[in-house]
Amino acid sequence: MALVALLLVSVAAATTQALCPHEATDLLPWSAAASWNKQTVPSGGDITIDRPILLDVSPAAMGTITITAGGRLVFDATSPTTLTLSANMVELSGGEFWIGSEDCPYTGDAEVLLTGTRDESEGAPGVQKAVVVHQGVFEVHGQPKLSWTNIDATVRKTSRREVGHKAIYSAVENHNGLRGRGLFMVEFNGTGHLVRNWKHVVKPSKFFRRKQHIGNIVVVVVRSKAFFGRRFSPEEIAAAFEDLCYDRQRTSALRSMENKELTAFAAICHIGFPENSVEAVGTVSNDRSQTGLLVQRIGDVEFAAMSVVSPLREAHANRIEVVSYPAGGSASLERVLKTVNPVDSWKAGDRIVLASTDFDYNQAEEFEILECDSCTANEVKIMGPVLYTHWGEVTDGVDMRAEVGVLTRNVRFHGRMEESCYGNNLCDIFDYDTFGGQIKIHQNFTSARIENAEFYHMGQQSVMSSYPIHFHMCLDTSEKDAYVRNNSIHHTFSRCVTVHGTHNLTVEGNIAYHHLGHCYFVEDGGEQHNQFIGNLGLSTKPGTLLPTDGVDQVSTFWIASPNNILINNRAAGSEGIGVWFLLAYFPTGHSAKVDMGLEYGEPFHTLIPAFHGNRMHSNRRFGLRLADILYDNGTVKSARYTPLEDAKNEDSDPAFLHLDDLVAYKNFEAVWIRSYWTLCTNFRLAENTIGIIFASALPMDPGPHYEMLANSRIVGDTDNKGEPEGLVTLSSGEVVVFGRSRAMRSVHHAQLGVAFYRGTTHVVNTSFAGFKGNALRGAGAIGKKLFNEYFTSPISSVRNVTFDFADPDEGSRFFDGDGTVRGFKERDGNRHNIVLDVDGSLTTVAGTSVVRPLPLLLNARCVLMPTWGPGTALCPDRFIRLNFDRTWRVPTFMTRDDLMSSATETPLAKKQISYSLNTRESYILHFNTTVPHRFKLTPYGLELGLQQVLGVCVGVKKRFKVIPDTYKAARSREEVLADDNNTKYFYDSAVGVITFRLTHPYPRGASTLSHCPGVLDEDLNGVCDLDITIIMRTFSDDGDCRQRAYPAYQTPPVTADGALTVPVFQ
């Protein structure tokens, strides 16, 4: 019985084993005339496939291939040569398209070439140069490869010392006239020694006159651009070069160059021996034209030349080398890259890309893998030069190891491109063809699984909705087979992977490099339950399709709906933002016309289900930005993202947004979050201008919400210095040497690890390192946003923070400027921003408040902290924040009773009117003449045992009402000052001031984090439920009480008992 059972199991296994698509017995070979209705093999034009066809040959270029029900086109994996299917269009209308299968990846070499130029004539089809899946099966499965990993050791840029170490002569090392731009010539004798540097060549005679120097060697290189001068044409100079180098026996690439062309060129010419002369013209890689190191042995000497030219006109990317070596002594530019994960699926000849680890994302570099018998599974060999250093270390607790990904696959989809831009394809912006191919999958597909394939020259920048891989209005795909995983998508002209009106799609393990516009693109705001897992995107460049596709906003991950998962993704360089979450009140575009199951405004209350393990670096603006409103016209505006437990019920309890395990480095601003109740844990930030800003969605909401950064590591400068800036001119005119790279914008902006901004923010269990100012900008581990017009909480705090440097010698724990410091603006939010040091871990004294040194806030107990910037003082006192209802936008100002009229604080009242008040002092709020008919005052930050005396000037002998009616009129000011229950007010009709003593009934516990304490939870969080509304019964234009109040209301100054001193840090 056991044997029978075993046999039955074996039979069952055999019957369920997947059959490779090309092995199906019903397939008819494309190459056989009998396979076709007309008994002839198609030789072009449009065809319909309505039967199973095996693509066993590369057919003639076709027009439109339509695959209908019953039709199946299968690539033959046994073909010994590359199978190329060339067509204007491939349309699936109920049929099937197979290159391999999930269980049987394609083992041959396959190519789908989408052809044609844009047809802009009347009546032309809206979708061109495409694979379109209307209905049917689309299965693409190349050979599995690890898409990307990280390097495990730093790859240093090729240094001049490496190139010239054993040199007989190096023109660059000798600084011998190789400056500027154009065509340069250096002459050597046969022993490799310098004869003369002829510098710029702008006349044919420089070449002609060397013709008699038989046996000498001239090396010619282009630096910056091929500038031939103004008197002679490139053809005339090229003719002289050909005569010198080739004795007119061959044509040089110089002849086809235009004047000022941004193309690299290098040549080594043995005068009188044309057979020994060689040249190389640059190939474009990484947005740079580069020749590589051209080496030619002549006798006992090796001569080497290299030219690198930046079409983007980046001066630091331009490079030349002119060197001579003893035979066998030329520099080897081979490098071995060590990787974190095994890369034995990568093969010699594959192209890889190494991400930038600097501020400039254009420092990403492409290389070809070389044969390497000695390499381990975690190593690959490449040929340099390496133009930039790529960091490969975990430094100061932050993993800044560069990503490296493989671009080459054995299954390829790409568009055939024209040599230059044409027609109405935005040729005023792009001088190259941006009308590539596209793959568009519609709702009625049966399966669409795309993996381990390569896509390049895809997407159409001039045509909306024409993307490399595009799931278009597919709605719910959970019951279908659909994914995009482990693909290489590079050099595309409009996005990378677009999820449009589609739910439950998995986008996993892809590498997307060098693309125009947003890359991983969730389009309309209604897309839900999609998973973006382990994807890499780098070199995201501006496009034109949406207003947000431009500089500073174009994003590697553009997620227009919060109900999607992002795990372990990498946004490794863009002209704008790494990951950007947006919210639409209601789905936009095509999605507005179908039922997405969303109520109006629901996305604003939908919690991001999972966000962890993501990395962002080398982004011009933000690493992560969350969140903004997406409008129907594609424009955006700051949003109020307030997740709820039930997003459809606005009365539901708030939901805690938890973002975990994020790494961000070399961004201008690493993290910007505008949410309502946020917990960020295990963040590791380094080398950013600003580490993190919480821009609370509802900063004045009196409820128990807060934002928190916990268990994190934030570093300023590290050993990852990037490409040194060199000489920098300061605003004073002084020129200094800056040995680090700088952010791509606002280079004088202070470097801050945490910048306190709006609402209630807490930094807990977080360590800092590397924040030392320099001649270019100030720096502080903690600080305040440089420009702030908004409300901030007086109990925003730090707790258990540590610093890996000695302050002030090795860095600064805190930094805040004022209007005298470049970049800082004097705004209400800046001036009244308080940071509370709960446990003394910032200032050494528990309960210290870090404040702006304003007369209204300081007293004799406070101390200035000039080493922390001119905007910083320390006070042992607690502060509250008084908010004035800005409905009336009336001018107000505040006086402090001990200072009387000698100091006033007048807000700008741009976004709000509020004042920070020292609880050890008493104040009077005045109006600049007219008192509003009705106004409301709300104090934040009160707690049991902490009170604030406040007067409000309403004018002499006025009638008014105070709400709530629990307030009762007292007979004297002294009676109010003795009231601990906040139930009384006193109106001094002769002075015109109403006096309150503001108190709160609940204590603040060690874990209370809300504006005001209470009994909402075990941490004693609560609501600031004290609102004082004053309704004037009579008109009053007597709102300035200073002359009557003082000196009657003057109080003695606070003594220096318990005063702080400038802390001494260990």
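Report follows, based on the coordinates. In this text the structure is predicted, and so the values were computed from the model without any measurement.

### A look at the pairing of strand S32 (residues 481-485)
Both faces of the sheet carry side chains from a regular strand, because those side chains alternate between them.
Working step 1: As defined by bridge partners, strand S29 (residues 438-451) adjoins S32 across five bridges and the pair is classed as parallel. Bridge pairing links Ser 447 to Asp 481 in S32.

### Topic: the state of the cysteines
Working step 1: Per the stated rule, a full pass over the model turns up eight disulfides.
Working step 2: In this model, Cys 20 is linked to Cys 104 through a disulfide, with the two sulfur atoms separated by 1.8 Å. Negative torsions about the S-S bond denote left-handed disulfides, and the value of about 90° found for Cys 20 with Cys 104 makes this one right-handed. Highlighted residues: Cys 20 in the loop between helix H1 (2-16) and strand S1 (28-29) and Cys 104 in the loop between strand S6 (83-99) and strand S7 (110-114), separated in sequence by 84 residues. Of the two residues, Cys 20 and Cys 104, neither departs from the other in class, the shared state being buried.
Working step 3: Left unpaired, Cys 474 is separated from the closest cysteine sulfur, that of Cys 496, by 18 Å.
Working step 4: Here Cys 474 falls in the buried class, since its relative accessible area comes to 2%.

### Describing helix H4 (residues 234-246)
Working step 1: The end-to-end C-alpha distance of H4, which contains 13 residues, comes to 17 Å, matching closely the 18 Å that a straight helix rising 1.5 Å per residue would cover.
Working step 2: With ten of its 13 residues buried, H4 lies for the most part within the structure.
Working step 3: Listed in full, the buried residues belonging to H4 are Pro 234, Ile 237, Ala 238, Ala 240, Phe 241, Glu 242, Asp 243, Leu 244, Cys 245 and Tyr 246.
Working step 4: Residues of H4 that are buried in the fold lie against strand S11 (182-188), helix H3 (205-208), strand S13 (217-223), strand S14 (265-270) and strand S15 (278-281).
Working step 5: Asp 247 sits one or two residues past H4 and shows a positive phi near 55°.

### Digging into the side chain of Asn 1021
Working step 1: As for its placement among the helices and strands, Asn 1021 is situated in the loop between strand S77 (993-998) and strand S78 (1028-1032).
Working step 2: Residue contacts for Asn 1021: discarding those within four places in its chain leaves Pro 704, Ser 1007, Thr 1008, Leu 1009, Ser 1010, Cys 1012, Pro 1013, Gly 1014, Val 1015 and Leu 1016.

### Section: the sheet that holds strand S27 (residues 403-406)
Working step 1: Taken in spatial order, the six strands line up as S9-S27-S22-S23-S24-S21 in an open sheet, and their pairing is antiparallel. Two strands bound the open sheet, and with one partner strand each, they are strand S9 (148-150) and strand S21 (334-338). Shown here is a sheet whose adjacent strand axes are inclined to one another by a mean of 35°, direction ignored.
Working step 2: As paired strands, strand S23 (residues 365-370) and strand S24 (residues 379-383) are joined by two bridges and run antiparallel to one another. The partner of Leu 370 across the bridge, within S24, is Lys 381.

### A few points about a negative patch on the surface
Working step 1: There is a patch of like negative charges on the surface, built from Glu 599, Glu 645, Asp 646 and Asp 653.
Working step 2: Among the structural elements, Glu 599 can be located in the loop between strand S43 (577-583) and strand S44 (610-612).

### Some details on the sheet that holds strand S70 (residues 913-918)
Working step 1: With respect to topology, five strands assemble into an open sheet ordered S70-S67-S72-S78-S74, the strand pairing being antiparallel. Either end of the sheet is taken by a strand with one partner, and the two such strands are S70 and strand S74 (960-963). The mean angle between the axes of side-by-side strands here comes to 20°, regardless of whether they run parallel or antiparallel.
Working step 2: Where strand S67 (residues 879-884) and S70 come together, six bridges link them in antiparallel fashion. If you follow Asn 883 over to S70, its bridge partner there is Ser 914.

### Quick word on the side chain of Ser 618
Working step 1: Position of Ser 618 among the secondary structure elements: in the loop between strand S45 (615-617) and strand S46 (622-630).
Working step 2: A residue is classified by how much of its surface remains accessible, and Ser 618, at 0% relative accessible area, is buried.
Working step 3: Setting aside its immediate chain neighbours within four residues, Ser 618 contacts Ser 356, Thr 357, Asp 358, Phe 359, Tyr 361, Ala 572, Gly 573, Ser 574, Tyr 665, Lys 666 and Asn 667.

### Quick word on unusual backbone geometry
Glycine aside, negative phi is the norm for most residues, and most peptide bonds take the trans geometry.
Working step 1: Here the bond from Leu 626 into Ala 627 is cis, since omega is 5°, no more than 30 degrees from zero.
Working step 2: With respect to the helices and strands, the residue Ala 627 is situated in strand S46.
Working step 3: For Lys 666, which is not glycine, the phi torsion reads 55° and is therefore positive.
Working step 4: You can see Lys 666 is positioned in the loop between strand S48 (657-665) and strand S49 (669-673).
Working step 5: Residue classification places Lys 666 among the buried positions, given a relative accessible area of 1%.
Working step 6: We note that Asn 765 has phi near 50°; this positive angle belongs to a residue other than glycine.
Working step 7: With respect to the secondary-structure elements, Asn 765 resides in the loop between strand S57 (761-764) and strand S58 (767-769).
Working step 8: Using a relative accessible area of 35% as the deciding quantity, one classes Asn 765 as partly exposed.

### Quick word on the packing of aromatic side chains
Working step 1: One pass over the full model with this rule turns up 40 aromatic pairs.
Working step 2: Here a set of aromatic residues connected by ring pairs shows up, and it is made of Phe 75, Phe 97, Phe 138, Phe 413 and Phe 455.
Working step 3: The lysine or arginine in question, Arg 485, covers the ring of Tyr 483, its NZ or CZ lying 3.8 Å from the ring centre.
Working step 4: Positioned above the aromatic ring of Phe 791 is the side chain of Arg 881, whose terminal nitrogen or guanidinium carbon lies 5.2 Å from the ring centre.

### Considering a nonpolar patch on the surface
Working step 1: Among the surface-exposed residues, Tyr 585, Phe 586 and Tyr 600 lie close enough to one another that they form a single nonpolar patch of about 320 Å² accessible area.
Working step 2: Exposure remark for Phe 586: the relative accessible area of 34% places this residue in the partly exposed category.

### Details of empty space enclosed by the protein
In this approach the atoms are scanned with a rolling probe the size of a water molecule, which exposes any empty space left behind.
Working step 1: All told, the structure shown has two cavities of 30 Å³ or more when counted by the stated rule.
Working step 2: The space that makes up the largest cavity amounts to roughly 160 Å³.
Working step 3: Every residue lining the largest cavity is counted, 16 residues in all, and those nearest its centre are Phe 359, Thr 689, Arg 742, Ala 743 and Arg 777.
Working step 4: Here the lining of the largest cavity is built from residues that sort into five nonpolar, six polar and five charged.
Working step 5: Taken as a whole, the second largest cavity holds about 30 Å³ of empty space.
Working step 6: As for the second largest cavity, its lining consists of Asn 286, Asp 287, Tyr 361, Asn 362, Ala 364, Tyr 513, His 514, Ser 539 and Lys 541.
Working step 7: Looking at the lining of the second largest cavity, the elements that each hand over two or more residues are strand S36 (511-516) and strand S39 (536-541).
Working step 8: Of the residues belonging to the lining of the second largest cavity, the class tally is three nonpolar, four polar and two charged.

### A closer look at the layout of surface pockets
Working step 1: Its volume calculated, the largest pocket comes out at about 1500 Å³.
Working step 2: Lining the largest pocket we find 39 residues, and of these Val 284, Asp 287, Asp 431, Tyr 432 and His 514 sit closest to its centre.
Working step 3: Those elements that provide at least two residues to the lining of the largest pocket are strand S16 (283-285), strand S30 (454-456), strand S33 (488-492) and S36.
Working step 4: Here the lining of the largest pocket takes three residues from S33, the largest share from any one element.

Calculation rules
- Residues numbered from 1 in each chain as written.
- Predicted model: local features only at pLDDT ≥ 70, side-chain atom pairs only at ≥ 80, totals over all residues.
- Heavy atoms only, no water.
- Pairing = 2+ DSSP bridges.
- Helix = DSSP H or I, 4+ residues; strand = E, 2+ residues; numbered from the N terminus.
- Disulfide = S-S within 2.5 Å.
- Buried < 20%, exposed > 50% of the residue type's maximum accessible area, 1.4 Å probe, protein only.
- Expected span 1.5 Å × (residues − 1).
- Contact = heavy atoms within 4.5 Å.
- Axes fitted to C-alpha atoms, helices over the stretch in contact; angles between N-to-C directions.
- Patch = residues over 30% accessible without salt bridge, like charges linked within 9 Å, V, L, I, M, F, W, Y side chains within 5 Å.
- Areas by Shrake-Rupley, 256 points an atom, 1.4 Å probe, with all protein chains shown as cover.
- Salt bridge = Lys/Arg side-chain N within 4 Å of Asp/Glu carboxyl O.
- Lys, Arg positive; Asp, Glu negative; His and termini not counted.
- Charge placed at Lys NZ, Arg CZ, Asp CG, Glu CD.
- Phe/Tyr/Trp six-rings, centres within 6.5 Å; stacked < 30°, edge-to-face > 60°.
- Lys NZ or Arg CZ within 6 Å of the ring centre and 35° of its normal.
- 1 Å grid on protein atoms, 1.4 Å probe; cavity = no way out; pocket = protein on both sides within 12 Å on 5 of 7 lines; lining within 4 Å.
- Points joined across faces, edges and corners; volume = space filled by probe spheres on them.
- Nonpolar A, V, L, I, M, F, W, Y, C, P; charged D, E, K, R; others polar.

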